[in-house]
Protein chains: 2
Amino acid sequence: MRRIYLDYAATTPTHPEVVKAMLPYFTDAFGNASSIYSYGREARGAVEEARTKVAELIGARSEEIIFTGGGTEADNYALKGVAYANERKGNHIITTSIEHRAVLEVCKFLESRGFKVTYLPVDEYGLVTPDDVKRAITDKTILISVMHANNEVGTIEPVEEICKIAREAGVYFHTDAVQTVGHIPVNVDELKVDLLAISGHKFYGPNGVGVLYVRKGTKLVSFMHGGGQERKCRAGTENVPAIVGLGKAVELVGQEMGKEAGRQAYLRDKLIKGLLEKIDHIRVNGHPTKRLPNNVNVIVDFVEGESLLLSLDSEGICASTGSACGMASPEPSHVLLALGIPPEQAHGSLRFTLGRANTETDVERVLEVLPTIVARLRAMSPLSKSQK
Amino acid sequence: MRRIYLDYAATTPTHPEVVKAMLPYFTDAFGNASSIYSYGREARGAVEEARTKVAELIGARSEEIIFTGGGTEADNYALKGVAYANERKGNHIITTSIEHRAVLEVCKFLESRGFKVTYLPVDEYGLVTPDDVKRAITDKTILISVMHANNEVGTIEPVEEICKIAREAGVYFHTDAVQTVGHIPVNVDELKVDLLAISGHKFYGPNGVGVLYVRKGTKLVSFMHGGGQERKCRAGTENVPAIVGLGKAVELVGQEMGKEAGRQAYLRDKLIKGLLEKIDHIRVNGHPTKRLPNNVNVIVDFVEGESLLLSLDSEGICASTGSACGMASPEPSHVLLALGIPPEQAHGSLRFTLGRANTETDVERVLEVLPTIVARLRAMSPLSKSQK
């Protein structure tokens with residue numbers, strides 16, 4: 001049975017060209033990039049080349065790129081770093097109720113350390129209202145963190161507009177761009193963000209490497225303390241193979257992004273249209289147009305998302321109920337709840353996220369298989385009998 | 001010219017078997033280990049297998065092993081985690097003046113957050129005196145952190161004895177075992193440590209992966225906040241290829257360690273003996289017997305360590321003046337200063353750290369090349385003329 005992977009928002013396979021680029025740095029040019037002998041200088045050169053590529057992709061300067069151990073670390077660094085560095089100015093942070101847990105859990109931690117956090121609501125599509133941001137700002141506000149696009153429902157937030165508000169108020173702005181960089185154009189100068197988090201494995205780069213973009217002049221305390229790597233901003237031996245791999249991934253998406261985004265948006269729309277036609281009591285979550293090109297998120301009434309997943313898996317189709325990072329939790333998605341969806345319905349969510357390898361055949365296969373699965377599960381479900 | 005790598009304490013090449021073990025997890029079994037479909041379950045299985053291997057190597061239980069993004073992160077997690085979780089009990093931490101910067105810089109950060117830190121002195125060999133630890137403990141002490149072996153001079157600390165003192169006082173004990181695990185036997189139950197940090201790339205595993213061992217029952221606050229990975233102890237998508245690679249590296253060193261330690265100790269002693277015979281005004285740093293099997297650290301009077309390094313590099317020999325993590329700094333090594341070595345002499349330090357690929361021929365080559373280099377540099381050096 002051919003496996004159809006439709007969970008690219010959770011993780012992507014590493015591109016074969018990326019693996020190829022990484023390989024020499026495991027065994028041959030393996031020097032510590034902070035060493036001064038030739039082995040080390042080779043590694044250093046490769047790291048700096050990757051840094052330049054990342055900077056170019058997002059319109060930043062090389063010295064504004066800090067390599068981290070992943071997207072989660074980049075978010076931890078941005079929030080804790082700004083909070084600790086600016087606490088004399090104020091202790092108030094503004095974020096949204098639909099952020100990834102890498103932001104929300106950091107905010108909860110900061111609350112336990114004396115900071116105050118405002119969690120803004122979103123509308124039924126998952127959009128933050130810029131005016132809400134404006135109203136939430138106080139003279140104690142030091143940071144606003146709004147994700148670029150939501151990882152579950154795919155809604156793209158009005159970051160540029162909110163950044164403008166932050167800038168006028170003299171407040172730092174961070175965005176978790178883990179779902180957008182490598183998928184749609186992201187330019188730090190157009191958005192005017194001060195900090196931006198990137199994860200390598202979300203766009204065919206390796207796991208365990210990410211980036212925090214930090215605009216020059218931003219006051220930030222280190223998160224990972226230790227050696228003087230990354231210009232004393234991020235301690236820990238440089239992960240040279242992963243950084244080189246990230247650089248290669250950036251190069252590849254830079255070439256493919258425009259074409260891929262269009263192709264995936266076409267498949268996305270075909271999938272959404274087909275699902276709405278073939279399954280009743282189903283609805284689409286997230287914004288109809290301000291949406292990631294690869295995201296489909298639906299609620300299928302009267303069935304459990306997990307049962308759908310397992311049935312799809314037995315047909316070789318990999319999907320998700322939402323965030324893989326929240327899988328351990330039996331709670332309904334905090335994102336869907338924030339969109340105003342009742343808990344009992346939020347349990348029936350199903351996310352398909354498309355990627356490079358998907359074709360029209362994959363979409364057709366889902367449209368062939370899923371209606372039957374839904375019908376079977378509904379026939380067995382007490383929910384269905386009582387509520388339908 | 002054949003390159004002779006003698007800086008294994010900085011980083012090791014990834015073992016080809018480790019790379020081989022990692023490869024399928026980049027492109028084929030690439031699923032997110034937190035996903036519930038088969039792709040994810042495969043990845044999850046591989047992660048748990050690696051966890052068991054690590055646990056077995058150090059005599060721990062699987063559930064006491066937390067995978068991190070490296071040794072630096074493991075140290076950050078241990079210190080900040082214990083500090084924040086136990087601050088109601090007290091705010092005092094005891095460590096030593098020769099710790100790796102991944103411990104020292106965290107301590108400095110914690111001082112800025114209201115904690116008090118005692119930095120214990122060491123003797124001329126770099127040994128901590130257990131009685132000093134005992135005397136430093138107050139009713140506010142919550143954590144003692146003493147490295148298992150020093151990364152620069154190779155001295156192995158009396159961790160078992162200090163642990164006993166910590167345990168009697170009811171104080172948590174952490175050890176940075178980045179230089180010992182995979183090189184000499186380390187057993188958490190013999191040492192009786194509560195926390196222990198491991199780095200994958202120090203024993204032929206990949207970069208960007210480490211372990212924090214946490215004894216069951218230890219009160220700890222998360223360091224990396226976000227998703228519920230690693231039983232909610234460490235957020236961030238599991239770096240499956242790196243974790244699998246670490247597991248393989250553990251398996252390999254488990255087989256080779258005894259033999260390799262003996263072989264390297266023989267080469268170490270041959271190198272030390274040769275250097276003392278062939279170069280005058282040279283002395284060995286660190287303890288003569290309580291010493292890592294692969295560490296040689298010397299001070300060559302009247303020359304700069306950096307000049308020695310560059311001259312050795314031009315002969316294809318990779319060595320170090322001390323920690324690669326401190327390379328960015330022009331300051332003399334804090335470890336050598338703590339041993340009582342005057343700053344002007346500490347600048348002449350040279351570290352060779354041996355590894356799997358080194359042979360007797362490599363040692364002979366160093367003994368052939370270095371005396372000539374030293375003689376040439378001394379002839380040019382004003383230090384030499386004025387002081388010799």
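It should be emphasised that the depicted structure is a prediction, and the values quoted were computed from it without experimental measurement. Each chain has its residues counted from 1, following the order in which its sequence is written. Chains carry letters and ligands carry numbers; both start at the beginning, A for chains and 1 for ligands, and go up in the order they are written. Reporting in this predicted model follows two pLDDT cut-offs: at least 70 for local features of residues, and 80 or more for side-chain atom pairs to be given and counted; totals over whole chains, interfaces and linings ignore these cut-offs and use all residues. Calculation of side-chain values draws on the structure's entire complement of heavy atoms; hydrogens and water are dropped beforehand.

Engineer: Could you clarify how one ought to interpret the overall build of chain A in this entry?
Structural biologist: Starting at the N terminus, helices and strands are each numbered in turn, a helix being any DSSP run of H or I of at least four residues and a strand any DSSP run of E of at least two. Looking only at helices and strands, chain A features 15 helices and 12 strands. Only the C-alpha atoms count toward the radius of gyration. The rule for a globule is 2.2 Å times the residue count to the power 0.38. Relative to the globule expectation of 21 Å for 388 residues, the C-alpha radius of gyration of chain A, 21 Å, shows essentially globular dimensions. Throughout, exposure labels follow a simple rule: accessible area from a 1.4 Å probe, protein chains only, divided by the maximum for the residue type, with under 20% read as buried, over 50% as exposed, and the rest as partly exposed. Per-residue burial for chain A yields a buried fraction of 65% across its 388 residues. By the convention used here, residues are in contact when the closest approach between their heavy atoms is within 4.5 Å. Put simply, of all contacts in chain A between residues at least 6 apart along the chain, 74% involve residues at least 24 apart. Method for areas: the Shrake-Rupley scheme with a 1.4 Å probe, in which residue coverage is limited to the protein chains shown. A total of about 13,900 Å² of accessible surface is found on chain A, and carbon and sulfur atoms cover 51% of it.

Engineer: Just checking my understanding: could you explain a negative patch on the surface for this structure?
Structural biologist: Patches were defined on residues exceeding 30% relative accessible area and lacking a salt bridge, with like-charge contacts within 9 Å and nonpolar side-chain contacts (Val, Leu, Ile, Met, Phe, Trp, Tyr) within 5 Å. One side-chain nitrogen of Lys or Arg within 4 Å of one carboxyl oxygen of Asp or Glu is enough to make a salt bridge. Working convention for charge: Lys and Arg count positive, Asp and Glu count negative, and His plus the chain ends are omitted. By convention, the charge on Lys lies at NZ, on Arg at CZ, on Asp at CG and on Glu at CD. A contiguous patch of negative charge, built from Asp131(A), Glu160(A), Glu161(A) and Glu190(A), is present on the exposed surface. When you line up the elements, Glu190(A) lands in helix α8 (residues 188-191).

Engineer: Would you take a moment to explain the sheet that holds strand β10 (residues 295-300) of chain A for this structure?
Structural biologist: Two strands in a sheet stick together by hydrogen bonds in their backbones, pointing the same way (parallel) or opposite ways (antiparallel). Residues and elements named next belong to chain A. Note: two strands are recorded as paired if DSSP finds a minimum of 2 bridges between them. Read from one edge to the other, the open sheet built from 3 strands follows the order β9-β10-β12, with strand pairing classed as antiparallel. Bordering the open sheet on either side are β9 (282-284) and β12 (349-353), each of which pairs with just one other strand. Neighbour to neighbour, the strand axes of the sheet diverge by 25 degrees on average, direction disregarded. As paired strands, β9 and β10 are joined by 3 bridges and run antiparallel to one another. Each bridged residue has a counterpart across the sheet, and for Arg283 the counterpart in β10 is Ile299. Every axis corresponds to a line fitted to the C-alpha atoms, with the helix fit spanning only the stretch in contact, and the corresponding angles, defined between N-to-C directions, vary from 0 to 180 degrees. Across the sheet, helix α11 (residues 305-314) is in contact with β10 and β12; its angle to β12 comes to roughly 45 degrees.

Engineer: Would you mind going over the relation of the copies chain B and chain A with me for this structure?
Structural biologist: When chain B is fitted onto chain A, the two copies agree to an RMSD of 0.0 Å after a turn of 180 degrees and an axial shift of 0.0 Å. Such a combination of turn and shift is consistent with a two-fold rotation axis. Of all interface residues in chain B, 100% are interface residues in chain A too; the two copies therefore contact each other through one and the same surface. C-alpha atoms of residues with pLDDT of at least 70 in both copies form the basis for the least-squares superposition of the copies.

Engineer: How do you make sense of helix α5 (residues 101-112) of chain B when you look at a structure like this?
Structural biologist: Owing to its 3.6 residues per turn, the α-helix aligns residues three or four sequence positions apart on the same side. All names here are of chain B. Helix span, as expected, comes to 1.5 Å for every residue beyond the first. If you check α5, its first and last C-alpha atoms are 16 Å apart, about what 12 residues at 1.5 Å a residue would give, namely 16 Å. Residues Ala102, Val103, Leu104, Val106, Cys107, Phe109 and Leu110 constitute the buried set of α5. Just downstream of α5 lies Gly114, where phi reads positive at about 100 degrees.

Engineer: Help me understand the packing of aromatic side chains in this model?
Structural biologist: Centre-to-centre distance and the angle between the planes together describe a pair of aromatic rings. Only rings of Phe, Tyr and Trp enter the pairing, Trp through its six-membered ring, and a pair is recorded when the two centres are within 6.5 Å. The plane angle decides the type: under 30 degrees is stacked, over 60 is edge-to-face, the rest tilted. A complete count under the given rule lists 13 aromatic pairs over all chains for this structure. An angle of 80 degrees between the planes, with centres 4.6 Å apart, marks the rings of Phe30(A) and Tyr5(B) as edge-to-face. With Phe30(A) in the loop between α2 (24-27) and α3 (38-58) and Tyr5(B) in strand β1 (residues 4-5), this residue pair bridges two chains. Each member of the pair, Phe30(A) as well as Tyr5(B), is classed as buried. Clustering of aromatic rings is evident, with ring pairs tying together Tyr5(A), Tyr8(A), Tyr204(A), Phe30(B) and Tyr37(B). The cationic tip of Lys80(B) hangs over the ring face of Phe223(A); the distance from NZ or CZ to the ring centre is 5.7 Å. Between Arg356(B) and the ring centre of Tyr204(B), over which it is positioned, the NZ or CZ distance is 5.6 Å. Here, over-ring charges are defined by two tests on the NZ atom of lysine or the CZ atom of arginine: distance to the ring centre within 6 Å, and angle to the ring normal within 35 degrees.

Engineer: What is the right way to read the pattern of salt bridges from this model?
Structural biologist: Pairs may arise between side chains of opposite charge once their charged atoms sit close together. Under the counting rule described, the total for this entry stands at 58 salt bridges over all chains. In this structure, a network of salt bridges that share partners links the residues Arg44(A), Glu48(A), Arg51(A), Glu230(A) and Glu238(A).

Engineer: Sorry, what's going on with the side chain of Arg268(B) here?
Structural biologist: Within the fold, Arg268(B) resides in helix α10 (residues 240-278). For Arg268(B), the residues in contact, after removing those within four places along its chain, are Arg291(B), Leu292(B), Pro293(B), Asn295(B), Val296(B) and Leu354(B).

Engineer: How should the sheet that holds strand β3 (residues 92-96) of chain B be read in this particular structure?
Structural biologist: All names here are of chain B. One open sheet accounts for 7 strands, arranged β2-β8-β7-β6-β5-β3-β4; its pairing is mixed. Unpaired on one side and paired on the other, β2 (65-68) and β4 (116-120) mark the two borders of the sheet. Each adjacent strand pair in this sheet contributes to an overall mean axis angle of 20 degrees, direction not counted. The sheet contact formed by strand β7 (residues 195-199) and strand β8 (residues 210-214) spans 5 bridges and is antiparallel. Bridging from a neighbouring strand, Ile198 pairs with Val211 of β8. Set on the sheet, α5 makes contact with β3, β4, β5 (141-145) and β6 (172-176); between it and β4 the angle comes to about 145 degrees. In this fold helix α7 (residues 159-169) packs onto β5 and β6, with an angle of close to 160 degrees to the strand it touches most, β6.

Engineer: Teacher, can you tell me more about the packing of helix α3 (residues 38-58) of chain B against α10(B) here?
Structural biologist: Geometry of a packed helix pair, given as the angle between the helix axes and the separation of the axes. All names here are of chain B. The N-to-C vectors of α3 and α10 enclose an angle of 35 degrees; their axes lie 8 Å apart at closest approach. α10 is crossed by α3, and the crossing has left-handed handedness. Across the interface between the two elements, Ala43, Ala46, Val47, Ala50, Lys53, Val54 and Leu57 from α3 touch Val240, Ile243, Val244, Leu246, Gly247, Val250, Glu251 and Gly254 from α10. Considered class by class, the residues forming the contact of α3 with α10 number 11 nonpolar, 2 polar and 2 charged. Crossing handedness is defined as follows: a turn of the near helix away from the far one that is anticlockwise and smaller than a right angle gives a left-handed crossing, while the clockwise case is right-handed. Under the scheme applied, nonpolar residues are Ala, Val, Leu, Ile, Met, Phe, Trp, Tyr, Cys and Pro; charged residues are Asp, Glu, Lys and Arg; polar residues are all the others, including Gly.

Engineer: Looking at this structure, I do not really get the environment of Ala197(B). What am I missing?
Structural biologist: Residue and element names in this part refer to chain B. Mapped onto the elements of the fold, Ala197 is located in strand β7. With relative accessibility at 0%, the residue Ala197 sits in the buried group. Along the primary structure Ala197 and Leu57 are separated by 140 residues, whereas in three dimensions their C-alpha atoms are 13 Å apart. Discounting residues that sit within four places of it in the chain, Ala197 has contacts with Gly71, Ala74, Asp75, His174, Thr175, Asp176, Ala177, Val178, Val211 and Leu212.

Engineer: Teacher, can you tell me more about the interface of chain B and chain A here?
Structural biologist: Interfaces are often described in size by the accessible area the parts lose on coming together. Taken together, the contact pairs 66 residues of chain B with 66 residues of chain A. Summed over both partners, buried area is the accessible surface (1.4 Å probe) that two parts give up on being assembled. Buried surface at the junction of chain B and chain A, summed over both partners, amounts to about 5,500 Å²; 61% is from carbon and sulfur atoms. When residues of chain B are sorted by the area they lose upon contact with chain A, Phe26(B), Tyr37(B) and His225(B) head the list and together hold 12% of the total. Where chain B packs against chain A, one counts 6 salt bridges. The closest approach of N and O atoms between Asp313(B) and Arg41(A), which form a salt bridge, is 3.4 Å.

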